[in-house]
Amino acid sequence: MALAALFYSISLLFQLVAAGYAADLFFRAKVYRLACGFLALGLGLMVGRRISPLLHVLNNGHINLSDAILSLPISFCLLLGMYQLKKMLADLQEKNCILDQLSKVDTLTGALSRRETFSRAEMEIKRSLRSGHEISFLMLDIDHFKNVNDQYGHLIGDAVLVNLVKCCQDQLRAIDIFGRVGGEEFFVVLPESTGHDAFQLAERLRKHVSTTETATGYAQTIAITISLGIATFNPNLVGETNTAVILKRFFKMSDDAMYQAKSKGRNRTEIWAE
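Only a predicted model underlies this, so the values are computations on that prediction, with no experimental measurement involved.

Conventions adopted
Residues numbered from 1 in each chain as written. Predicted model: local features only at pLDDT ≥ 70, side-chain atom pairs only at ≥ 80, totals over all residues. Heavy atoms only, no water. Helix = DSSP H or I, 4+ residues; strand = E, 2+ residues; numbered from the N terminus. Buried < 20%, exposed > 50% of the residue type's maximum accessible area, 1.4 Å probe, protein only. Salt bridge = Lys/Arg side-chain N within 4 Å of Asp/Glu carboxyl O. Pairing = 2+ DSSP bridges. Axes fitted to C-alpha atoms, helices over the stretch in contact; angles between N-to-C directions. Contact = heavy atoms within 4.5 Å. Core = buried A, V, L, I, M, F, W, Y, C linked by side-chain atoms within 4.5 Å. Expected span 1.5 Å × (residues − 1). Parallel < 35°, antiparallel > 145°, perpendicular 65-115°, else oblique. Nonpolar A, V, L, I, M, F, W, Y, C, P; charged D, E, K, R; others polar.

A short note on the environment of A223
For A223, the position within the fold is in the loop between strand 5 (220–222) and strand 6 (226–233). Looking at A223, the relative accessible area reads 57%, which means it is exposed. For the pair formed by A223 and V148, sequence separation is 75 residues and the distance between their alpha carbons is 9.6 Å.

Focus: the pattern of salt bridges
On inspection of all chains with the given rule, the structure shows 11 salt bridges. Here R120 makes a salt bridge to E116, at a shortest N to O gap of 2.7 Å. Placement of both R120 and E116 in helix 4 (residues 114–131) is noted, with a separation of 4 residues, approximately one turn of the helix. Note that E124 is salt-bridged to R127, the shortest N-O span being 2.8 Å. In this pair, E124 and R127 are both assigned in helix 4, 3 residues apart and thus about one turn of the helix distant. A residue is classified by how much of its surface remains accessible, and E124, at 15% relative accessible area, is buried.

Quick look at the sheet that holds strand 6
If you trace the 5 strands from one edge of the open sheet to the other, you get 2-3-1-6-7, paired in mixed fashion. The open sheet has two edge strands, strand 2 (177–180) and strand 7 (269–271), and neither has a second partner. Adjacent strand axes in the sheet meet at a mean angle of 20° when their direction is disregarded. Relative to strand 6, strand 1 (residues 135–142) is paired through 8 bridges, and the arrangement is antiparallel. Within strand 6, the residue paired with S136 across the bridge is T232. Where helix 4 meets the sheet, it contacts strand 1, strand 2, strand 3 (185–191) and strand 6, and its direction lies at approximately 150° from that of strand 2. Contacts from helix 7 (residues 195–210) reach strand 1, strand 3, strand 6 and strand 7 within the one sheet, and its direction differs from that of strand 6 by about 165°.

Some points on the nonpolar core
Counting residues in each nonpolar core, the largest one holds 30 residues, and the members touching the most others are L140, L164 and F178. Elements represented by at least two residues in this core include exactly strand 1, helix 5 (145–152), helix 6 (154–169), strand 3, helix 7 and strand 6. Residue contributions to this core peak at 7 residues, all from helix 6. Beyond its immediate stretch of four places on either side in the chain, L164 contacts L140, I142, F186, V209, I224 and I226. Residues I125, I177, A231 and F233 belong to the second largest nonpolar core, which totals 19 residues.

Looking at the pairing of strand 3
The buried fraction of strand 3 is high, at 7 of 7 residues. Burial along strand 3 is two-sided: the residues E185, F187, V189 and P191 and F186, V188 and L190 are all buried. Pairing of strand 1 with strand 3 involves 7 bridges; the strand directions are antiparallel. Residue pairing in the sheet places S136 in a bridge with L190 of strand 3. In this sheet, strand 3 lies alongside strand 2 in antiparallel orientation, the contact comprising 4 bridges.

Structural notes on the environment of F145
Tracing the chain through its elements places F145 in helix 5. The exposure class assigned to F145 is buried, which follows from its relative accessible area of 7%. Setting aside its immediate chain neighbours within four residues, F145 contacts G157, V160, L161 and E184.

A look at helix 7
With 16 residues, helix 7 should cover 22 Å at 1.5 Å per step; its first-to-last C-alpha distance of 22 Å lies within 8% of that length. Among the residues of helix 7, those classed as buried are G195, A198, L201, A202, E203, L205, R206 and V209. Lining the buried residues of helix 7 we find strand 1, helix 6, strand 3, strand 6 and strand 7.

Here we look at the packing of helix 4 against helix 8 (residues 243–263)
Two elements in contact, helix 4 and helix 8, have axes whose closest approach is 9 Å; the angle formed by their N-to-C orientations is 110°. Between helix 4 and helix 8, the crossing angle belongs to the class labelled roughly perpendicular. Touching F118, A121, E122, I125, K126 and L129 of helix 4 are T243, A244, I246, L247 and F251, all from helix 8. In the contact of helix 4 with helix 8, the residues fall into 8 nonpolar, 1 polar and 2 charged.

Structural data, given as structure tokens:
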């Protein structure tokens, strides 16, 4: 009887721990939460079922030794299975978090990805529509970047891009959105910024980039210049309220303004105008 009671007690302990793992997964997991809930419920009910034969042994001394012996490996396997499942889901959640972060950031430069840039831009447009504050959009592109790649190679070209991002981010506010939307094209969203504010920032960026060493190659310093285009959204003057439509329109406007800067000699800033 004592041996059976011991086996049942150890089995009960194993199942209690396994049920605890399942309950912890249910409350903490971001994926497969429903499955974890059913596991926690099922294991909790099994704990109740395991108590019954233990009380039966203690109350009347009736021994089912084979059931007691079998309960031990079964409960131990359940415990190991739940432990491995918890470990697997924790690993999956960590990898999903890493993948989510990678999807938001351009892996080469550290700027925001195109998708994340547009997503955050739409959020800022929504805020602009609610607050009535202007929001400016700035497109910038490296002048003659193809020449850098052709003359020094793509590794040096990559270094130029990385250093350009650092150079620009040093001049931006924490609330500004800076993303890579093309090979050497970057899109900047400036919340609560007028066209005048955006122009001053763009000129500061342009001058800072033109006077900063962005990379070295073949024993010589590589200097670059950028061309910039600005478009400013004033929610009080535009009747459109669809954020996707607004973003698409002002993205093109800032891009057009940037190409105007290119056509007028490069290394300059242009504000979009009809």
